[in-house]
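Survey of secondary and tertiary structure
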There are 2 protein chains.
Amino acid sequence: MKPTHGRSRVAIENVTPQIDCGKFPAKRVVGENVEVRAAVFGDGHDHVKARLLYRPSQQQEWRTAPMYPIGNDMWSGNFVPNTVGSWQFTVQGWVDHFDTWASDLEKRIGAQTDPLACDPETSEDDRKRATEIQTQLHKDIALAFRSGALLVDRASAGAKGEEAKRLKAFGASLRASAEKKVTRYENPLMPEIMELVERYPDLSLATVYEREIPVRVDRERARFSSWYEFFPRSAGEAGKHGTLRDAAKLIPQIADAGFDVVYFPPIHPIGRAFRKGKNNSVVAGAEDVGSPWAIGAREGGHTAILPELGTLEDFDMVMDVAREHGVEIALDIAFQCSPEHPWVSLHPDWFLIRPDGTIQYAENPPKKYQDIYPLNFESDDWNNLWHELLNVFLFWTRRGVRIFRVDNPHTKALPFWHWCIAEVQRQLPDAIFLAEAFTRPHVMYGLAKRGFTQSYTYFTWRETAKDLREYLTEITQPPVSDFFRPNFWPNTPDILPGSLKTGLRASFQMRAVLAATLCSNWGVYGPAFELMEHVPAKPGSEEYMDSEKYQVRAWDRDRADSLMPLLKTLNVTRRAHPALQRNDTLRFHGTDNEQLLCYSKRAGDDVVLAVVNLDPRNAQSGWTQLDMQALGLRENEQYEAHDALTGEVYRWNGPYNFVLLHPEKMPAHILHLRRSASDK
Amino acid sequence: MKPTHGRSRVAIENVTPQIDCGKFPAKRVVGENVEVRAAVFGDGHDHVKARLLYRPSQQQEWRTAPMYPIGNDMWSGNFVPNTVGSWQFTVQGWVDHFDTWASDLEKRIGAQTDPLACDPETSEDDRKRATEIQTQLHKDIALAFRSGALLVDRASAGAKGEEAKRLKAFGASLRASAEKKVTRYENPLMPEIMELVERYPDLSLATVYEREIPVRVDRERARFSSWYEFFPRSAGEAGKHGTLRDAAKLIPQIADAGFDVVYFPPIHPIGRAFRKGKNNSVVAGAEDVGSPWAIGAREGGHTAILPELGTLEDFDMVMDVAREHGVEIALDIAFQCSPEHPWVSLHPDWFLIRPDGTIQYAENPPKKYQDIYPLNFESDDWNNLWHELLNVFLFWTRRGVRIFRVDNPHTKALPFWHWCIAEVQRQLPDAIFLAEAFTRPHVMYGLAKRGFTQSYTYFTWRETAKDLREYLTEITQPPVSDFFRPNFWPNTPDILPGSLKTGLRASFQMRAVLAATLCSNWGVYGPAFELMEHVPAKPGSEEYMDSEKYQVRAWDRDRADSLMPLLKTLNVTRRAHPALQRNDTLRFHGTDNEQLLCYSKRAGDDVVLAVVNLDPRNAQSGWTQLDMQALGLRENEQYEAHDALTGEVYRWNGPYNFVLLHPEKMPAHILHLRRSASDK
């Protein structure tokens with residue numbers, strides 16, 4: 001098949017960012033630069049040009065931005081999306097006949113010599129020949145002026161007003177020059193006129209890249225957020241079931257500690273059948289409150305509130321308090337049902353029915369989770385199921401919720417998420433979804449590609465310098481960073497990791513510093529974190545002893561040794577430093593001690609360098625080996641390092657600096673690097 | 001938009017080989033294995049399965065091949081295309097409910113214990129509880145049998161005859177087992193029955209990857225070929241213009257030297273206007289024969305033969321002789337015209353017309369090539385131009401030519417090649433195109449993607465061990481190797497590279513060994529190569545002095561120092577060793593001397609290891625550091641190394657072996673590695 005545009009000679013390839021051939025959008029936030037790169041090339045020696053076409057998806061008209069060559073036929077251009085939602089872009093390339101002509105003309109003009117100025121020794125024959133060559137060259141230049149005038153005519157036809165007039169005048173002057181007899185032609189190509197012609201490129205034979213590539217533009221919080229998770233039912237007085245009103249009272253101090261997302265585990269009615277007792281025992285006592293993830297009872301399902309917690313009006317009040325303190329409430333959406341969930345009787349066909357007519361409960365044979373019925377995404381009635389699940393999100397958005405933490409999304413069908421998240425964001429462009437998927441890499445990435453704004457990660461289990469460097473390098477660089485936004489959690493209600501079981505204060509400090517500085521999105525499950533809860537349900541288990549998942553806990557939030565002040569310092573530092581609000585500039589630096597992890601982030605002039613002692617038991621010291629260029633510093637420059645954790649100031653010099661970190665003091669430096677006053 | 005197949009839960013991503021999202025085909029040869037890999041995964045814990053669908057493009061029905069998991073959710077499968085032409089493949093994945101069920105059942109069966117066999121110390125309560133658990137487990141197993149029977153029913157509905165009968169019987173036995181009261185259930189899942197059920201997968205909710213990916217399947221010679229280029233006009237007696245008949249006389253000895261492609265520079269009428277003289281002088285004498293690339297004169301253009309060379313009948317005779325000796329003739333197609341080419345008067349609109357009405361000749365200002373008119377691929381009449389160019393190829397295919405070396409394809413429009421090559425290959429599937437594009441990487445790769453079977457490379461200028469390793473690593477591995485087939489030339493009529501200007505015999509030997517063993521496609525421009533022509537037209541130039549491009553040369557082909565015997569040895573060795581007929585197994589090995597380049601290739605049991613002394617002036621010695629696993633040998637194994645160049649046999653041992661290469665003897669080993677007899 002012959003192409004319809006056989007004369008369009010420019011090829012456009014390797015366009016990035018692009019996820020799976022444009023099947024999924026690249027992710028950015030409002031106001032963030034989207035740098036687009038592409039290989040743009042043609043045949044022969046003609047010059048090519050390229051530009052970027054971009055638009056919000058709901059607008060038809062393309063906006064344009066210039067692209068510039070960056071070597072090896074690669075071009076780069078960028079745009080800054082100014083609204084939340086779906087955007088798309090593509091690349092246009094063309095042969096620039098005017099630029100080719102101009103470049104050739106300059107060479108011709110430059111090749112003029114004065115044959116009379118030859119060496120007096122030159123033979124008459126050679127002088128004659130040189131004169132002939134010059135005569136021919138002058139003819140060629142005159143002809144080139146006429147060719148150029150035609151190209152300028154074309155540009156002027158596209159221009160209007162003053163610009164059209166100027167172009168016409170230039171064309172006329174080229175024609176006039178062609179008629180003149182001179183001994184030497186001057187170069188008529190002034191920068192202003194070059195620029196003017198370039199403004200009216202001849203796009204009649206331009207190539208447009210074969211795909212329009214989607215970009216999902218989120219609000220800033222998608223990239224930069226600090227989460228604090230707690231169980232509202234543990235927010236009350238000791239010995240009492242806490243309420244949403246109790247939870248609301250905690251919000252001011254959480255906000256004061258610099259968190260901007262307060263996340264509640266499910267707040268819905270909890271099933272009674274097969275309810276789990278304390279420490280996940282299979283038989284619950286009458287007083288046991290059950291797991292909030294066993295959702296649904298006669299009081300309702302995913303759009304109801306557990307009566308012990310309060311009412312929808314109480315929830316609205318929580319939302320008001322949050323708004324007042326500049327934090328957002330994130331709800332946990334766990335699509336699974338207790339046997340008493342209303343869906344079970346209304347829509348038994350949304351579950352898997354066993355040959356004996358009973359509904360299949362969750363199991364990992366021979367283990368059974370009879371308090372949980374998974375939804376069957378292969379149901380014949382999947383269409384209604386999908387809509388009902390969508391409605392759960394929409395219900396809470398009507399109460400003002402814009403952030404959802406989704407429980408185990410990897411056990412629900414991927415095509416469902418792809419559709420559901422797009423649908424919620426179509427209606428509420430500022431909705432944010434955090435995927436709680438701790439599973440295999442392809443599945444985690446698959447969920448992120450299908451719409452999850454942020455994702456839980458393996459950080460929770462990455463402890464050595466090597467493991468942290470490798471994992472961070474993978475997730476903070478394209479292609480992964482184009483679709484996967486990590487959110488680092490040192491702990492969760494499900495995971496008391498080995499690193500925290502030490503119970504050592506330094507372990508908690510170190511893990512908090514790592515999470516808050518390595519990753520622009522981070523969160524803790526409190527008060528278990530700041531109160532350094534560290535006893536597992538049994539040896540080797542990652543479950544907490546007396547886990548809040550199965551019982552109400554009373555916390556002494558004002559304990560003198562609480563780490564809340566450190567968490568506040570971390571959040572304040574994160575807010576003060578744009579460098580910590582992004583991951584793309586993360587750079588690891590060498591040290592001569594593998595127990596000292598050293599890394600930096602930059603945003604313009606703002607440079608933050610962290611050095612973390614990964615050994616919670618021993619003081620560790622060593623020398624940094626800084627990549628000065630990555631820090632924006634000269635190789636042997638002197639600079640100040642202001643420690644955000646201690647307030648101390650160090651005078652550092654060049655790449656090699658001595659560091660000593662005592663775990664019993666503070667196992668990390670978070671250093672704001674500043675050029676010394678004299679060097680400014 | 002909700003997808004129509006919302007219940008299809010399996011995701012398929014990262015499918016390879018795939019060039020630019022399937023826009024261009026991956027390249028393979030007939031009988032070669034096409035290994036397809038894909039990430040195939042679903043939600044939750046259900047098992048997934050995948051298979052490969054493939055077919056020749058002109059057939060509608062898919063053939064299938066199983067895929068196997070290779071870790072991290074990646075699957076691999078393969079097919080072997082048995083015909084030349086276009087093929088395509090895609091991947092299908094599904095949730096395998098039967099396999100999931102079988103795996104769960106095995107766990108349940110394995111979880112059975114005998115409560116009566118408890119420790120005698122066990123309390124009555126615990127014993128009771130254990131008995132209860134077993135009773136429940138037995139109920140679950142019985143229920144599982146019934147669930148399994150439903151899945152087997154489904155499989156049997158798809159089966160026929162004996163297999164359907166066996167499946168039905170198995171379903172019935174599962175149902176019967178569910179009714180039985182036993183103290184311990186046995187596992188009913190025999191491998192034969194598992195295999196039988198798997199043969200009838202339930203594909204009703206299967207996912208098919210979103211694209212059908214093209215594969216271009218060429219004949220063997222696309223991957224493995226040995227080219228010999230010479231100018232027919234220099235094939236005659238000294239002082240006379242050679243003819244095609246003279247050229248035919250050289251074919252037997254070229255074939256005897258193991259070459260299988262004999263390639264002629266253009267054989268068409270040569271323009272007289274602005275004809276270039278000897279050594280590219282701008283003024284030609286009356287006796288000057290001109291450049292064969294200045295194509296076209298009153299005698300005709302691209303489908304005519306220069307009268308001095310002979311007639312079309314003579315050409316047919318050349319083809320006959322070639323066929324007789326098992327070699328193919330490759331023609332040089334250079335789409336450019338001398339001012340006297342018939343197209344110039346018939347189709348002036350196929351060229352660029354200057355404002356004075358003259359046709360634009362080739363130039364690189366201020367240099368002019370007035371003997372050459374380039375074609376204008378932006379011509380309004382491009383459609384007819386394309387067809388006429390296509391007809392040039394088709395004309396020569398009708399005379400039996402199947403291999404074309406295309407001159408400077410990078411100065412002709414890329415979309416033209418994409419169409420033209422596909423069109424020729426649609427009519428003649430065994431046509432082979434070699435791109436003579438020495439230009440920027442994206443353009444060279446762009447031409448390969450658009451259909452060129454083989455490509456000239458930068459090998460000609462890669463001289464150091466580091467440069468060779470880096471370049472070879474880039475071009476012999478995916479993604480590049482999936483679409484770009486290198487053809488290594490130590491010299492061409494246009495390029496006398498620095499490495500050969502030494503004039504040293506060892507330089508020529510070394511470059512021939514490198515080309516012939518690093519690359520399964522290679523060629524030389526002779527007799528300049530084997531007679532060690534090495535004087536440049538002027539210092540620093542890559543042009544040959546007295547280049548055949550501008551004059552007839554007389555060669556003493558029987559000169560005692562001719563390297564033809566070495567070229568023959570290389571070709572014989574290449575034919576004897578399948579390892580040298582491919583590039584994908586190329587592996588570089590370490591040495592402790594950067595002047596010694598060491599590498600191997602493997603095909604099954606056939607292992608060839610080359611060590612090349614890159615210093616043509618000095619003997620170099622050192623120790624190899626062989627990757628024994630890559631050679632298919634045990635770490636400390638003793639083996640024999642048979643040198644194909646000298647016939648010597650070395651007894652080697654493990655990875656470290658001493659090598660000494662004297663340039664005045666032979667600057668390389670080409671070693672056939674054989675397990676010692678006692679070790680077989």
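A quick note: this is a predicted structure, and the numbers were derived from the prediction, not measured.

Looking now at the overall build of chain A. Regarding its fold elements, chain A presents 15 helices and 28 strands. Along the longest, intermediate and shortest principal axes, the C-alpha atoms of chain A span 115 × 65 × 45 Å. The proportion of buried residues among the 680 residues of chain A is 58%. Within chain A, one finds 81 positive and 91 negative side-chain charges whose respective centroids are separated by 2 Å.

For the pair chain A and chain B, the relating rotation is 180 degrees, the translation along its axis is 0.0 Å, and the fit reaches an RMSD of 0.1 Å. Within this description, the copies of the chain are treated as partners about a two-fold rotation axis. For chain A, the smallest separation between a C-alpha atom and the rotation axis is recorded for Cys21(A), amounting to 3.0 Å. Comparing contact sets, 100% of the residues at the interface of chain A also lie at the interface in chain B, consistent with an isologous, same-surface contact.

The next thing to look at is a nonpolar patch on the surface. On the surface, Trp623(A), Tyr656(A), Phe658(A) and Leu660(A) cluster together into a nonpolar patch covering about 450 Å² of accessible area. Along the chain, the position of Trp623(A) falls in strand β24 (residues 620-625).

Looking now at the packing of aromatic side chains. Under the counting rule described, the total for this entry stands at 92 aromatic pairs over all chains. Grouped by ring-pair contacts, the aromatic residues Phe335(A), Phe377(A), Trp382(A), Trp386(A), Phe393(A), Phe404(A), Phe416(A), Trp417(A), Trp419(A), Phe433(A) and Phe452(A) constitute a single cluster. Above the plane of the ring of Phe459(A) lies Arg511(A), whose end atom (NZ or CZ) is 4.2 Å from the centre. Over the aromatic face of Trp555(B) sits the side chain of Arg553(B), whose NZ or CZ is 4.4 Å from the ring centroid.

Residue and element names in this part refer to chain A. Over its 19 residues, helix α3 (residues 161-179) extends 28 Å from the first C-alpha to the last, a length consistent with the 27 Å expected when each residue adds 1.5 Å. Of the residues making up α3, those classed as buried are Ala164, Leu167, Phe170, Gly171, Leu174, Ser177 and Ala178. Along α3, the residues classed as buried sweep out an arc of 150 degrees about the axis, all on the same side. More than 90 degrees from the buried face of α3, the exposed residues found are Gly161, Glu162, Lys165, Lys168 and Glu179. Those residues of α3 that are buried lie in contact with α1 (97-110), α2 (124-158) and α4 (191-198).

All right, on to the sheet that holds strand β26 (residues 649-653) of chain B then. All names here are of chain B. In spatial order, the strands read β26-β25-β28-β23-β22-β21-β24-β27; together these eight strands make up an open sheet with antiparallel pairing. In this open sheet, the two edge strands, each paired with only one partner strand, are β26 and β27 (658-661). Strand-to-strand twist across the sheet, computed as the mean angle between neighbouring axes with direction ignored, equals 35 degrees. Set on the sheet, helix α11 (residues 465-475) makes contact with β21 (587-591) and β22 (596-603); between it and β21 the angle comes to about 155 degrees.

Taken together, the contacts link 71 residues of chain A with 71 residues of chain B. For the pairing of chain A and chain B, the buried interface totals around 6,000 Å² over both sides, and the portion due to carbon and sulfur atoms is 54%. When the area that chain A buries against chain B is broken down by residue, the three leading residues are Lys2(A), Glu378(A) and His442(A), summing to 13%. Where chain A packs against chain B, one counts 16 salt bridges. Of the charged contacts in the structure, one is a salt bridge between Glu13(A) and Lys449(B), with a shortest N-O distance of 2.7 Å. Remark: the boundary between chain A and chain B carries 26 residue pairs in polar contact (both at pLDDT 80 or more). For the side of chain A that touches chain B, the secondary-structure elements that each account for two or more residues are β1 (11-16), β3 (34-41), α1, α2, β14 (362-364), α8 (382-398), α9 (414-427) and α10 (441-449) of chain A. Sort the elements by how many residues they give to the side of chain A that touches chain B and α2(A) lands first, with seven residues. Its residues placed into classes, the side of chain A that touches chain B shows 27 nonpolar, 18 polar and 26 charged.

To continue, consider the pattern of salt bridges. As enumerated under the stated definition, the model contains 108 salt bridges over all chains in all. One salt bridge in this structure joins Arg175(B) and Asp153(B), with 2.7 Å as the shortest N-O distance. One end of the pair, Arg175(B), is in helix α3 (residues 161-179); the other, Asp153(B), is in helix α2 (residues 124-158), with 22 residues separating them in the sequence. The class for Arg175(B) is partly exposed, based on a relative accessible area of 34%. Because the salt bridges share partners, they merge into one network encompassing Arg9(A), Asp43(A), Asp46(A) and Glu378(B).

Glancing now at the packing of helix α5 (residues 244-256) of chain A against helix α6 (residues 312-324) of chain A. Residue and element names in this part refer to chain A. Their axes nearest at 9 Å, the elements α5 and α6 cross at an angle of 5 degrees. What the angle tells us is that α5 and α6 run roughly parallel. Across from Leu244, Arg245, Ala248 and Ile251 in α5, the residues of α6 making contact are Asp314, Phe315, Met317, Val318, Val321 and Ala322. The class makeup of the residues in the contact of α5 with α6 is eight nonpolar, no polar and two charged.

As a further point, take the packing of helix α1 (residues 97-110) of chain B against α2(B). All names here are of chain B. For the pair α1 and α2, interaxial distance at closest approach is 10 Å and the crossing angle is 160 degrees. Of the possible angle classes, the one that applies to α1 and α2 is roughly antiparallel. With respect to the hand of their crossing, α1 and α2 are arranged in left-handed fashion. Touching His97, Phe98, Trp101, Leu105, Arg108 and Ile109 of α1 are Leu137, Asp140, Ile141, Ala144, Phe145, Ser147, Gly148, Leu151 and Val152, all from α2. Residues belonging to the contact of α1 with α2 are distributed by class as follows: ten nonpolar, three polar and two charged.

Let us look at the side chain of Ser562(A). Residues and elements named next belong to chain A. Position of Ser562 relative to the elements: it lies in the loop between β20 (521-525) and α15 (564-576). Overall, the relative accessible area of 7% leaves Ser562 in the buried class. At 3.0 Å, the side chain of Ser562 forms a polar contact with the backbone nitrogen of Met564. Leave out the neighbours within four places in its chain, and Ser562 touches Arg505, Glu530, Leu531 and Arg557.

Let us look at the domain arrangement of chain A. Under the domain assignment used here, chain A contains domain 1 (11-96 + 207-217), domain 2 (108-198) and domain 3 (587-679). Taken over C-alpha atoms, the centre of domain 1 of chain A sits 36 Å from the centre of domain 2 of chain A.

The next point concerns the pairing of strand β24 (residues 620-625) of chain B. Residues and elements named next belong to chain B. Bridge count between β21 and β24: two bridges; the pairing is antiparallel. Its bridge partner being in β24, Gly590 is matched across the sheet by Gln625. Judged from the four bridges that link them, β24 and β27 form a sheet pairing that is antiparallel. Of the residues in β27, the one forming a bridge with Ser621 is Leu660.

Attention now moves to the sheet that holds strand β20 (residues 521-525) of chain B. Residue and element names in this part refer to chain B. One open sheet accounts for seven strands, arranged β19-β18-β17-β12-β11-β10-β20; its pairing is parallel. A strand with exactly one partner marks an edge of an open sheet, and here the two such strands are β19 (454-455) and β20. Two elements, strand β11 (residues 261-264) and strand β12 (residues 328-333), share four bridges in a ladder whose sense is parallel. Residue pairing for β12: Val261 is matched across the bridge by Glu328.

As a further point, take the side chain of Asn487(B). Residues and elements named next belong to chain B. Looking at where Asn487 falls in the secondary structure, it is placed in the loop between α12 (480-483) and α13 (498-501). There is a polar contact of 3.0 Å between the side chain of Asn487 and the side chain of Trp489. When residues no more than four places from it in sequence are discounted, the contact partners of Asn487 are Ser225, Trp227, Leu434, Gln454, Ser455, Tyr456, Thr457, Cys519, Asn521, Trp522 and Gly523.

Residues with a pLDDT of 70 or more make up 99% of chain A, whose mean pLDDT is 95. Both scores are given for the predicted complex: the pTM is 0.95, the ipTM 0.95.

Turning to α8(A), a few remarks are in order. Since the α-helix advances by 3.6 residues per turn, residues separated by three or four positions end up pointing in the same direction. All names here are of chain A. Helix length check: α8 (17 residues) gives 24 Å between terminal C-alpha atoms against 24 Å at 1.5 Å per residue, within 8%. All of the buried residues along α8 are Trp382, Leu385, Trp386, Leu389, Leu390, Val392, Phe393, Leu394, Phe395, Trp396 and Thr397. Its buried side turned inward, α8 meets α6, β12 (328-333), α7 (342-346), β17 (403-407), α9 and β18 (432-436). Positive backbone phi, approximately 100 degrees, marks Gly400, located one or two places after α8.

The rules we used
- Residues numbered from 1 in each chain as written.
- Chains lettered and ligands numbered in written order.
- Predicted model: local features only at pLDDT ≥ 70, side-chain atom pairs only at ≥ 80, totals over all residues.
- Heavy atoms only, no water.
- Helix = DSSP H or I, 4+ residues; strand = E, 2+ residues; numbered from the N terminus.
- Buried < 20%, exposed > 50% of the residue type's maximum accessible area, 1.4 Å probe, protein only.
- Lys, Arg positive; Asp, Glu negative; His and termini not counted.
- Charge placed at Lys NZ, Arg CZ, Asp CG, Glu CD.
- Least-squares fit on C-alpha atoms with pLDDT ≥ 70 in both.
- Contact = heavy atoms within 4.5 Å.
- Patch = residues over 30% accessible without salt bridge, like charges linked within 9 Å, V, L, I, M, F, W, Y side chains within 5 Å.
- Areas by Shrake-Rupley, 256 points an atom, 1.4 Å probe, with all protein chains shown as cover.
- Salt bridge = Lys/Arg side-chain N within 4 Å of Asp/Glu carboxyl O.
- Phe/Tyr/Trp six-rings, centres within 6.5 Å; stacked < 30°, edge-to-face > 60°.
- Lys NZ or Arg CZ within 6 Å of the ring centre and 35° of its normal.
- Expected span 1.5 Å × (residues − 1).
- Arc of directions from axis to C-beta.
- Pairing = 2+ DSSP bridges.
- Axes fitted to C-alpha atoms, helices over the stretch in contact; angles between N-to-C directions.
- Buried area = accessible area lost by both parts, 1.4 Å probe.
- Polar contact = N/O pair within 3.5 Å; in protein donor to acceptor, adjacent residues only side chain to side chain.
- Nonpolar A, V, L, I, M, F, W, Y, C, P; charged D, E, K, R; others polar.
- Parallel < 35°, antiparallel > 145°, perpendicular 65-115°, else oblique.
- Left-handed = near helix turned anticlockwise from the far one by under 90°.
- Domains from an automatic or database assignment.
- pLDDT = per-residue confidence, 0-100.

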